[in-house]
Amino acid sequence: MGRGGRLLDLLLLLLSMASTTSSVVALDTSYYAATCPDAEAIVKDTMSQLHYTDPTLSPAIMRLLFHDCFVRGCDASVLIAPTPRRSSERAAIPNHTLRGLPAVDAVKRALESACPGAVSCADALALMARDAVSLLGGSAYSVALGRRDGVVSNPWEVDLPPPFAALHDVLAYFAGKGGFSAEETVVLFGAHTVGGAHCSSFRYRLTKPDGTMDEAVRCGMLDTCGAAELPLETDPAAFFDPDTPFVVDNNYYAQLLGNRTLLQVDQEAATHNATKHHVAYYAASPDAFMQRFSEVMAKLSNVGVMEGDAGEVRKVCSRYNNNNN
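As annotated in an unreviewed UniProt entry, the protein chain carries the name Peroxidase and comes from Urochloa decumbens. Quoted verbatim from the Sequence similarities (unreviewed entry) field of the UniProt record, the comment on the protein chain reads "Belongs to the peroxidase family. Classical plant (class III) peroxidase subfamily."

As structure tokens, then:
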């Protein structure tokens with residue numbers, strides 16, 4: 001057999017191996033059409049009930065998605081509860097203030113009641129975040145489905161940027177984790193149009209002013225937070241956007257332009273050469289922000305997903321199906 005024939009045989013062998021060992025499929029909005037056709041409705045109905053009971057939940061779910069997707073991808077690894085013999089991402093310091101975990105459990109129970117073993121926790125969380133945006137007045141967007149749940153969750157892998165990080169480092173981090181451009185990063189920062197932060201995230205800006213925070217805001221926050229560091233359970237919190245704290249809108253960018261934001265990295269976006277024109281644009285363009293925010297949230301929900309036969313579909317989101325994992 002000639003050299004060309006041997007190469008052809010090798011190519012056919014490789015193609016055969018690929019077809020028999022790879023079962024990865026692309027995410028699809030109709031992924032559950034046969035196995036759980038009401039999945040999206042179940043998530044939406046449950047989220048709506050939870051939101052109207054506690055409007056602070058929806059911003060917490062959006063944050064939970066970010067903390068999940070930027071560590072090992074959108075695989076629900078952040079939902080795994082630590083045990084006496086095994087730690088998890090939830091034990092890492094950046095995740096100590098996460099909220100919304102019982103809400104995820106409630107949504108998962110509703111899904112399991114209707115379609116046992118069908119819908120992954122990763123898909124449930126992506127849908128919950130989508131519905132959270134809508135419940136807070138944001139633009140609706142489609143979520144492609146078919147994510148699998150991870151079987152690894154390590155606290156030492158949680159490398160999220162701290163609130164005092166320099167913006168150029170955060171831009172590099174977002175680009176490396178999810179391929180987000182400077183403009184997309186500014187749009188994701190817009191999630192701070194809702195929710196808030198504990199004073200420990202910005203107290204140093206109050207006690208050691210550098211002129212980058214409006215003085216009236218600084219004094220008001222100093223009255224709220226106090227100058228002394230406090231344990232997390234007693235540390236006060238403040239809204240990022242006190243004007244519309246439960247509405248997805250572009251008012252956050254007006255806060256940046258007026259030096260009225262809490263986090264240093266957010267404020268730096270208003271003056272950094274790579275981001276300041278995006279901040280100014282979205283401050284003046286509410287409709288453009290609403291559209292782009294939904295688009296970038298959809299992109300966030302697709303970061304590093306597991307598909308096909310990888311991972312598992314957990315029965316309970318806070319623990320692996322195999323407790324020995």
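Moving on from the coordinates now.
### Some words on helix H6 (residues 167-178)
When the terminal C-alpha atoms of H6 are compared, their 16 Å separation across twelve residues agrees well with the 16 Å that a helix rising 1.5 Å per residue should span. Buried residues along H6 sit in contact with helix H3 (57-69), helix H7 (182-189), helix H11 (264-268) and helix H13 (286-300). Two residues or fewer after H6 comes Gly179, characterised by a positive phi angle close to 70 degrees.

### Focus: the packing of H3 against H13
Contact geometry of H3 with H13 gives a least axis separation of 10 Å together with a crossing angle of 45 degrees. Of the possible angle classes, the one that applies to H3 and H13 is oblique. Residues Met62, Leu65, Phe66 and Cys69 of H3 lie in contact with H13, whose contacting residues are Phe293, Met297 and Leu300. Here the contact of H3 with H13 is composed, by residue class, of seven nonpolar, no polar and no charged.

### Considerations on the environment of Lys208
As for its position among the elements, Lys208 is in the loop between helix H8 (203-207) and helix H9 (215-225). Using a relative accessible area of 67% as the deciding quantity, one classes Lys208 as exposed. Between the alpha carbons of Lys208 and Pro231 there is a distance of 20 Å; along the sequence they are 23 residues apart.

### Examining the side chain of Arg148
Looking at where Arg148 falls in the secondary structure, it is placed in the loop between helix H5 (121-135) and H6. Notably, Arg148 is buried but unbridged: the nearest opposite-charge side chain belongs to Asp309, and the N-O separation is 5.2 Å. In this structure the side chain of Arg148 is engaged in a polar contact, spanning 3.3 Å, whose partner is the backbone oxygen of Gly308. Beyond its immediate sequence surroundings of up to four residues, Arg148 is in contact with Cys74, Asp75, Ser120, Ala122, Met306, Glu307, Gly308, Asp309, Ala310, Gly311, Glu312 and Val313.

### Regarding the nonpolar core
The nonpolar side chains of a soluble globular protein tend to be buried with one another. Judged by nonpolar contacts, the single largest core of 74 residues is most densely connected at Ile61, Leu64, Phe70, Leu79 and Met297. When residues in this core are grouped by element, the largest group, ten residues, is from H5.

### Observations regarding the packing of aromatic side chains
Applying the stated rule across the entire model yields 16 aromatic pairs. Taking the centre distance of 5.7 Å and the plane angle of 55 degrees together, the rings of Phe70 and Tyr173 count as tilted. Within this pair, whereas Phe70 is found in the loop between H3 and helix H4 (101-114), its partner Tyr173 is found in helix H6, the two being separated by 103 residues in sequence. The burial state of Phe70 is the same as that of Tyr173; both residues are buried. Ring geometry for Tyr253 versus Phe289: centroids 5.2 Å apart, planes at 75 degrees, classification edge-to-face. Here Tyr253, found in helix H10 (residues 251-257), pairs with Phe289, found in helix H13; they are 36 residues apart in sequence, far enough to count as distant. Phe289 carries the same exposure label as Tyr253, and that label is buried.

### Some details on the side chain of Ser285
Inspection of the secondary structure puts Ser285 in the loop between helix H12 (276-284) and H13. With relative accessibility at 16%, the residue Ser285 sits in the buried group. Polar side-chain contacts of Ser285 include one of 2.8 Å to the backbone oxygen of Tyr281.

Definitions and cut-offs
Along each chain, numbering runs from 1 in the same order as the chain's sequence is written. Note on the predicted model: pLDDT of at least 70 is required for a residue's local features to be given, and 80 or more for side-chain atom pairs to be given and counted; whole-chain, interface and lining totals, by contrast, use all residues. Excluded from the side-chain calculation are hydrogens and water; included are all heavy atoms of the structure. UniProt positions are given in the numbering used here, feature names are shortened, and annotations may be inferred rather than shown by experiment. Helix and strand assignments come from DSSP, with helices taken as H or I runs of at least 4 residues and strands as E runs of at least 2, each series counted from the N terminus. In this scheme, a helix's expected span is set at 1.5 Å multiplied by one less than its residue total. Throughout, a contact is declared for two residues whenever any of their heavy atoms are within 4.5 Å. Lines fitted to the C-alpha atoms define the axes, with helices restricted to the stretch that makes contact. Angles between their N-to-C directions range from 0 to 180 degrees. The scheme is simple: roughly parallel for angles under 35 degrees, roughly antiparallel for over 145, roughly perpendicular for 65 to 115, oblique for anything else. Residues are grouped as follows: Ala, Val, Leu, Ile, Met, Phe, Trp, Tyr, Cys and Pro are nonpolar; Asp, Glu, Lys and Arg are charged; all remaining types, including Gly, are polar. To sort residues, take the accessible area from a 1.4 Å probe on protein chains only and compare it with the maximum for the residue type: under 20% means buried, over 50% means exposed, and anything in between is partly exposed. By the counting scheme adopted, Arg and Lys are positive, Glu and Asp are negative, and His together with the chain ends is not counted. Counted as salt bridges are all cases of a side-chain nitrogen of Lys or Arg within 4 Å of a carboxyl oxygen of Asp or Glu. In protein, a polar contact requires one atom able to donate a hydrogen and another able to accept it; more generally it is a pair of N or O atoms within 3.5 Å, and residues adjacent in sequence count only if both atoms are side-chain atoms. The criterion is simple. A nonpolar core is a set of buried Ala, Val, Leu, Ile, Met, Phe, Trp, Tyr and Cys residues joined through side-chain atoms within 4.5 Å. Aromatic rings from Phe, Tyr and Trp, with only the six-membered ring used for Trp, were paired whenever their centres fell within 6.5 Å, and each pair was classed as stacked if the ring planes differed by under 30 degrees, edge-to-face if by over 60, and tilted otherwise.

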